[in-house]
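Structural description and commentary
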Amino acid sequence: MSDPALGLTMLVLIVVVIMMGFPTAFTLMGLGMFFGYIAFYEPHQLFTDNRVFDLMVQRTYGAMTNDVLISIPLFVLMGYVMERGALVDKMFYSIQLAFRRVPASLAVATLIVCTFWGIASGLVGAVVVLMGVIAFNPMLRAGYDVKLASGVITAGGTLGILIPPSVMIIVYAAVAGQSVVKLYAAAMFPGFFLAFLYLVYIIGWAMINPKIAPPLSEELTRVPVPIWMRKFQSAYSNNMLVGLISALFSPSRAMAIEADKERISYWTLCKDFCAALVPFALVVGTLWLTWWYVVIHQQAAAEAAVSGVQQLGSPGLSGPAAAPAEHGPPEGFYFWFGLCVVAGVLMLVRYYWRMDADGFVVLKLLTSSVMPLGILTVVVLAVILFGITTATESAGVGAAGAFLLAFQARTLDWKRTKEAVFLTAKTTAMVCWLFVGSALFSGVFAILGGQALVEQWVLSFNMTPVQFMILSQVIIFLLGWPLEWTEIIVIFVPIFLPLLKHFNIDPILWGTLVFVNLQAAFLSPPVAMSAFYLKGVSPPHVTLNQIFSGMMPYMVVIIVCMVIMYLWPGMTLWLPNYLYGG
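A brief structural summary.

Cut-offs used in this document
- Residues numbered from 1 in each chain as written.
- Predicted model: local features only at pLDDT ≥ 70, side-chain atom pairs only at ≥ 80, totals over all residues.
- Heavy atoms only, no water.
- 1 Å grid on protein atoms, 1.4 Å probe; cavity = no way out; pocket = protein on both sides within 12 Å on 5 of 7 lines; lining within 4 Å.
- Points joined across faces, edges and corners; volume = space filled by probe spheres on them.
- Helix = DSSP H or I, 4+ residues; strand = E, 2+ residues; numbered from the N terminus.
- Nonpolar A, V, L, I, M, F, W, Y, C, P; charged D, E, K, R; others polar.
- Phe/Tyr/Trp six-rings, centres within 6.5 Å; stacked < 30°, edge-to-face > 60°.
- Buried < 20%, exposed > 50% of the residue type's maximum accessible area, 1.4 Å probe, protein only.
- Core = buried A, V, L, I, M, F, W, Y, C linked by side-chain atoms within 4.5 Å.
- Contact = heavy atoms within 4.5 Å.

Quick word on the layout of surface pockets
A water-sized probe, rolled over the atoms, reveals where empty space remains. Looking at the second largest pocket, its volume works out to about 960 Å³. What lines the second largest pocket is a set of 34 residues, among which Thr-427, Met-430, Glu-484, Thr-486 and Tyr-533 lie closest to the centre. Those elements that provide at least two residues to the lining of the second largest pocket are α1 (3-19), α2 (24-39), α4 (71-84), α7 (124-141), α21 (414-447), α24 (485-502) and α26 (529-535). Element by element, the count of residues in the lining of the second largest pocket is highest for α21, at seven residues. The residue makeup of the lining of the second largest pocket, split by class, is 25 nonpolar, six polar and three charged.

Listed below in structure tokens is the structure:
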């Protein structure tokens, strides 16, 4: 058998052996050692002198010294601390109350919590199991269709490996030799866009067929407004913002009201007034940060760059070195920023005009349950995207913040901390050994000529870049049916990477399409891990086939998202190009 034929045999065997249930990492190492021994075999050599052992050592050292992989254990620890800290129950309740008037409100709240929690933890299994315990039974008791309830949990739970910070993106960056921060920036908009398409599908399906998501009972939609707050409205105003402002200037009537057998203090009024200003602070803070980064920061950076170029230029010489650089906000920025300001003002006016006691209680619940985790997530992503820290340093910030949140909520004891650390070590060891195995396997595969044979085979079709893009994504989509995303990225993605340059395809765009494509790996039978995660915590009458049926429409949504991403590449490439150039 020729060497290229041996390489293709390796490729076929790895799929067969993994489907038989053998551990992926050690299967890769075993096949790599076996076929590598054949590739380097020389009759006059001793068994121990075969060069495959040197290759094994080199590949292991290279994987273990890869700086990109250092952030994995810290991000994984952040996720497990969040999961073990049980911080999601109150979040689900508050979001469900906030969307109580939306069709399929429980499913909408489940998707939002899955998205939010997936960003914070990045753990698909943990999110699906946790939301299966918290949201699946309430949806079934409310009369929701089993397919709708199971589909929203399994599909929403996979978003954690797409929206940064994501371990999958880090693994791809290490395999493809790409920048983690650029990939994070590229995956940001597509990840939220896919979640938005899921949301449109759920609400649209519920509006077309209301029987799949009946309206909730009054008991489930009633906001727990304290008695003292009703008395406060009677004393001042039905509008809570107006009432709180009035109470700050004339607090005597408010202090005469009893709240939980205690009098309302002036400090309580101040805290409630600050809570009422949270939407205003979020809108103003977002607009100010956008203005600061685009107008002030970018202009200062451009002037500093011009100054540096002029200092490097020769005195008295005119030319490019001394010419002022064009800098300033992108074209049309002021128009769109002004439009956002007007929209923000109108939303705030409408919100505060309608702020009654129910809305104020929901706001306080959202502030206490969502805000801390939201601030931590925004900080972790912002310090990466704006170049303040490296991915590893931001992972450390995220892990430390996760511990602080869990301790503040008093839900993380010594036992749960040990479990989180143990699971982190287990997951990290799996990823590292997977890299060692894939590095050895790909090295032997290339030595045997398998990579060259695949490239020649693809190039012989004389495909256009569009045809190659479709072919590669279809192959990865089909591989997602029997394999998990880890095997696909470390085994098959490296086969396509050398061909991207030939077809002039941006590896950032192609990689982001792969990330979205691999969402289907968790939703496609027979190895649909999300389905098995949910089945483990679902009632006995819910069958695996029902869960599979509920997941299928979301695979179609994933394909639609990929088509839109390819037709509109700016959704993927605009943010990394704007932040880092391109």
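What follows picks up the thread again.
A few points about the packing of aromatic side chains
Applying the stated criterion to the full structure yields 26 aromatic pairs. When the centroid spacing of 5.2 Å and the interplanar angle of 80° are considered together, the rings of Tyr-201 and Tyr-554 count as edge-to-face. In this pair, Tyr-201 is assigned in helix α10 (residues 180-208) and Tyr-554 in helix α27 (residues 544-567), connecting sequence segments 353 residues apart. Centroid distance Phe-441 to Phe-445: 6.4 Å. Interplanar angle 5°. Geometry classified as stacked. On the criterion of helical spacing, the pair formed by Phe-441 and Phe-445 is a turn pair, its members being four residues apart in helix α21. We note that Phe-441, like Phe-445, is buried. Each residue in the set Phe-189, Trp-292, Tyr-293, Trp-574 and Tyr-578 is aromatic and connected to the rest through ring pairs, giving one cluster.

Here we look at the nonpolar core
Counting 173 residues, the largest nonpolar core has Tyr-144, Tyr-198 and Trp-510 as its most contacted members. Sequence-distant contacts of Trp-510, that is, excluding residues within four places in its chain, are made with Tyr-172, Met-469, Ser-472, Gln-473, Ile-476, Val-493, Phe-496, Leu-497, Leu-500 and Ile-505.

Side note on unusual backbone geometry
For residues that are not glycine, phi is negative in most cases, and the peptide bond is trans in most cases. The residue after Pro-164, namely Pro-165, is reached through a cis peptide bond having omega -5°. Within the secondary structure layout, Pro-165 lies in the loop between α8 (146-157) and α9 (167-176). The backbone phi angle of Asn-504 is positive, close to 55°, even though this residue is not glycine. Within the secondary structure, Asn-504 sits in the loop between α24 and α25 (507-517). Judged by relative accessible area, Asn-504 falls into the exposed class, the value being 71%.

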